[in-house]
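Residue-level structural notes
Here are the chains, one letter per residue:
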Amino acid sequence: MDFIRITKVDGMRLVRRSPGGIDEFVGSLHLTTHHLIFIADGLELWIGYPMIHSAMLERPPRLPKRDDAWPETSPELSQWALDGSITIRCHHFLFITLRCDSVRKLYDVFATIKHLSTIASIEQLYAFDYQQKKAAAPFVYNPREEFARMGVTASTMWRFTDCNQKYQLCPTYPPVLVVPARISDTTLMHAAKYRSKRRLPVLCYLHPNQASMTRSSQPMVGLKQARSVQDEKLIEAILATNTTLDKNIIIDARPTTNAVVNRAVGAGSENMDHYRRWRKVYLGIDNIHVMRDALNTMVEAIETGDGHIVGRIQGSRTNWLRHIENIMVGVKTITEAISLGHHVLVHCSDGWDRTAQLTSLAQLCLDPFYRTIRGFAVLVEKEWVSFGHQFTLRCGHLGHLDKFKVRRAAARPEDESSSEASDPADSSGFDLLQSGTMFGRFASRALRNVQSRITQAIQDDTMDPFSEYAELQPNYVSGLSRTKHDHETSPVFQQFLDCVYQLWVQHPTMFEFNERFLLDLFYHLHAAQFGTFVGNNMRERTELKLEERTYSVWSWILLGDYQNELYQEERDVIVPDTGFIQYWAALFTCHDPAFDKDGDGAANGDPTEADAAMGPKLDSSLDLNSNVWAS
């Protein structure tokens, strides 16, 4: 492809900071259409470009001055090039630094990575080219079958509606919805107008005691305290599906202040005067921007930390762990209410981030089916994929240009001193140093500095080809267009997996899957190797024909060995212990199979091996210089 400036670099040095210290390798780097591949003795590392969170090119420091020219093959120039580097941060918390003895090759590699990591279309992702070699395990999520399993078809109080088959009711909802039987499709169309993004209250879970869990987005209340008769009828009909107690709960996941502020833009929260037999609970879970900042703070601590990072993070109760605790408190509230027979309506702002976290985790606690491997797949497909979590936007699959930065490395102290010592006297024929005045000494020094900078600029242009790379310049304008702001990325699904891990640790015998199962799902959340976590809603997925053109991650997962040896099938309800929140060491220390020399799997000693699902492996029959790759 035109934007692959270089396909292979021999003698590339890779440095990785790990919990045990610094790992250094020398090998060959291959750049392909979809992967960065590093091969050395005992190491084969594959990094898909969507896995790259950010990268920093550190140009070598300015060349020390010398009278003669620098030969291009001189050892000094090679050593100077090694002072430059590319530092890469991956979404799965792998941190590597690349160095080579050619500054041009270094720039070629960085320019290629930047190009291939910042793409214009979802259809350029690896999922659309990936060909699975193993026979796919059959898995198709069927909403009618799943809601029938809950008892919807046996109930006269709920019904399926197909009024969203063409996404005219709500563009980000699935085609098949479950609503109270007494509510007509006409009423639904009017009620949808009152909710943000038309995400009206619909059923997501029906408990055996007939208590319901419904989900929606915030109401469009505004400063004038607008109301909707159709919305009120819909929520009243939810109550009528079961002779229930009072104290049914409307869960507003946001902090109270955020909900009130949203009135200024025409949104807000329910006026409880219009919703009888309901009470409202604010959970105080922060928005996507706060969560992104909390993760970045955690990453900085990990990247610059030492072997005692786990103890320090666990002991300090970082913002990340406090956010996890906050979510778990909300899950506990919902779980206890449903168990007691109360209806619960859950929403945040738009109903596709915090809402999905809460509804899916609460169902995991309430229903043992979702704690099986296949059941967990159904849960994710239902609550996250079909109800429109914006995976591509939140994960940043298309990449962001501002995540690829360039800076100049600082000069070595010995180079600075030698440069100053070797500055020749002014050669203009008038040596101001001969003047004993303070002005003479100052003017002479200033003139020498100007001459030195001019000489240095000429020498840099000769030896350093950075000016030839237009795409690396600070004023470069890309032709990429973005329909969404780059700051919309956020670790929403990662937090969900972290909360699942907390439940898994607290109740180790109640989950069929092991820790590696969760780690592999997190890897594929960002790898874009499968179509499951690609796209932002069902309408977009349908237009892209993802089911036909890509493989499902579950088709691979269901073939893997993810069995929890401690699992005992129990039907008990899980109540989260919100006072027992742990730092997930295996996730944040990046157990990439490339570095998992002992094949130990997860960090807690789980016996499963590092499965091939954690990324493609090199096919020895492939031409390493080719741009066409398959795993």
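In short, a report on the structure. Worth saying up front: this structure is predicted, and the values here are computed from it rather than measured.

As summarised here, the arrangement of the five strands in space is 10-11-14-12-13, forming an open sheet in which the pairing is mixed. On the outer flanks of this sheet lie strand 10 (202-206) and strand 13 (278-282), each paired with one strand and no other. On average, each strand axis in the sheet is tilted by 25° relative to the strand beside it, whichever way the strands run. Looking at chain direction, strand 11 (residues 212-215) and strand 14 (residues 344-347) are connected through three bridges and run parallel. Paired with Met 213 across the strands is Val 344, a residue of strand 14. In the packing of helix 5 (residues 229-240) onto the sheet, contacts are made with strand 11, strand 12 (248-252), strand 13 and strand 14, and the angle to strand 13 comes to roughly 105°.

Viewed as axis vectors pointing N to C, helix 9 (residues 319-339) and helix 10 (residues 354-366) meet at an angle of 55°, and their least axial separation amounts to 9 Å. Overall, the two elements helix 9 and helix 10 adopt an arrangement that is oblique. Along this stretch, helix 9 crosses helix 10, giving a crossing that reads as right-handed. Residue-level contacts link Ile 327, Gly 330, Val 331, Ile 334, Thr 335, Ile 338 and Ser 339 of helix 9 to Gln 357, Leu 358, Leu 361, Ala 362, Cys 365 and Leu 366 of helix 10. In terms of residue class, the contact of helix 9 with helix 10 is built from nine nonpolar, four polar and no charged.

On to the pattern of salt bridges. For the structure shown, the criterion picks out 25 salt bridges. Among the salt bridges present, the one from Lys 197 reaches Asp 350, with a minimum N-O distance of 3.4 Å. Within this pair, whereas Lys 197 is found in the loop between helix 4 (185-192) and strand 10, its partner Asp 350 is found in the loop between strand 14 and helix 10, the two being separated by 153 residues in sequence. Linking Asp 353 and Arg 394 is a salt bridge whose minimum nitrogen-to-oxygen distance equals 2.7 Å. One end of the pair, Asp 353, is in the loop between strand 14 and helix 10; the other, Arg 394, is in helix 12 (residues 391-395), and 41 residues separate them in sequence. Here Arg 394 falls in the buried class, since its relative accessible area comes to 6%. Connected through shared salt-bridge partners, Arg 5, Asp 108 and Glu 471 make up one network.

What counts, and at which threshold
- Residues numbered from 1 in each chain as written.
- Predicted model: local features only at pLDDT ≥ 70, side-chain atom pairs only at ≥ 80, totals over all residues.
- Heavy atoms only, no water.
- Pairing = 2+ DSSP bridges.
- Helix = DSSP H or I, 4+ residues; strand = E, 2+ residues; numbered from the N terminus.
- Axes fitted to C-alpha atoms, helices over the stretch in contact; angles between N-to-C directions.
- Contact = heavy atoms within 4.5 Å.
- Parallel < 35°, antiparallel > 145°, perpendicular 65-115°, else oblique.
- Left-handed = near helix turned anticlockwise from the far one by under 90°.
- Nonpolar A, V, L, I, M, F, W, Y, C, P; charged D, E, K, R; others polar.
- Salt bridge = Lys/Arg side-chain N within 4 Å of Asp/Glu carboxyl O.
- Buried < 20%, exposed > 50% of the residue type's maximum accessible area, 1.4 Å probe, protein only.

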